[in-house]
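The chain contents come next:
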Amino acid sequence: MESSSTAAPGSSRREATRQKLYEAAVTLIAEQGFSATTVDEIAERAGVAKGTVYYNFASKAVLFEELLRHGVGLLTASLREAAERTAREGRGRVDVLDAMIRAGLVFIDRYPAFTQLYVAELWRTNRAWQSTLLVVRQEAVAVVEDVLREGVASGEFSDGIDVPLTAAALVGMVLVAALDWQSFQPERSLDDVHAALSRLLQGRVSGRP
């Protein structure tokens, strides 16, 4: 999972190593589960020595926690960038939300294994990283909440909407629809899925203009 940040050469090398470990961990854990995945396997898949894993992360659990933080951070950044770009174009908040839906679909299409892990972990309650997961999940949802509040303030949305619940519902809609698309309707294109969710967003599922 790529990072868009820039850094000094030494830091860049370490970041590249961590990226390899993230990629290896997310693939293996998606294939066989967290408990069944060993540090040895992660190191082998990443093409590094086992000691390199522990140099970068104190344990497998810490690696996975940082993986979740990293992945959701990338998703949050992509949602925010889509929102800011669309707003700069002078378009309305519905269009901003629509652009964020597409950005979310693009992210999920690019990182399907991570998305599957993320959604699965949201339902677990016995993980050491649960509190971290809730924090980063809220960071992603908060980007949508900001747009909804702006829409309410501008009169584009009803002031009766429940902003936190609506934001969570929109994020959940994208996650679930995208996973269903990839698992059961892979013949559909990203444009097809986006168009369907866009119609839901704009209240046109009946086909009326």
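Heads up: the structure comes first, above all this text.
If you're wondering where the values come from, they're calculated on a predicted model, not measured in any experiment.

(A) Local environment of the overall build of the chain. Looking only at helices and strands, the chain features nine helices and zero strands. Listing every helix and strand of the chain by position from the N terminus yields α-α-α-α-α-α-α-α-α. Over its C-alpha atoms the chain spans a radius of gyration of 19 Å, differing by no more than 12% from the 17 Å that the globule rule assigns to 209 residues. Expressed as lengths along the three principal axes of its C-alpha atoms, the size of the chain is roughly 60 × 40 × 30 Å. Within the chain, buried positions represent 39% of all 209 residues.

(B) Fine view of the packing of aromatic side chains. Tallied over the full model, the rule gives seven aromatic pairs. Here the aromatic rings of F114 and Y118 are separated by 6.2 Å at their centres, their planes lie at 10 degrees, and the arrangement is stacked. Here Y118 and F114 lie together in helix α6 (residues 112-122), a separation of four residues that amounts to about one turn. What makes F114 buried here is its relative accessible area of 2%.

(C) Main features of the pattern of salt bridges. Scanning the entire structure with this criterion turns up eleven salt bridges. Residue E65 is joined to R69 by a salt bridge in which the shortest nitrogen-to-oxygen separation is 3.7 Å. Of the two residues, E65 and R69 are both situated in helix α4 (residues 60-88); the distance of four residues between them amounts to about one turn of the helix. Residue R69 is classed as partly exposed on the basis of its relative accessible area of 35%. A salt bridge links D95 to R91, with the shortest nitrogen-to-oxygen separation between them at 3.8 Å. Several salt bridges share partner residues, and in doing so they unite E65, E66 and R69 into one network.

Rules of the game
Residues numbered from 1 in each chain as written. Predicted model: local features only at pLDDT ≥ 70, side-chain atom pairs only at ≥ 80, totals over all residues. Heavy atoms only, no water. Helix = DSSP H or I, 4+ residues; strand = E, 2+ residues; numbered from the N terminus. Rg over C-alpha atoms; globule rule 2.2 N^0.38 Å. Buried < 20%, exposed > 50% of the residue type's maximum accessible area, 1.4 Å probe, protein only. Phe/Tyr/Trp six-rings, centres within 6.5 Å; stacked < 30°, edge-to-face > 60°. Salt bridge = Lys/Arg side-chain N within 4 Å of Asp/Glu carboxyl O.

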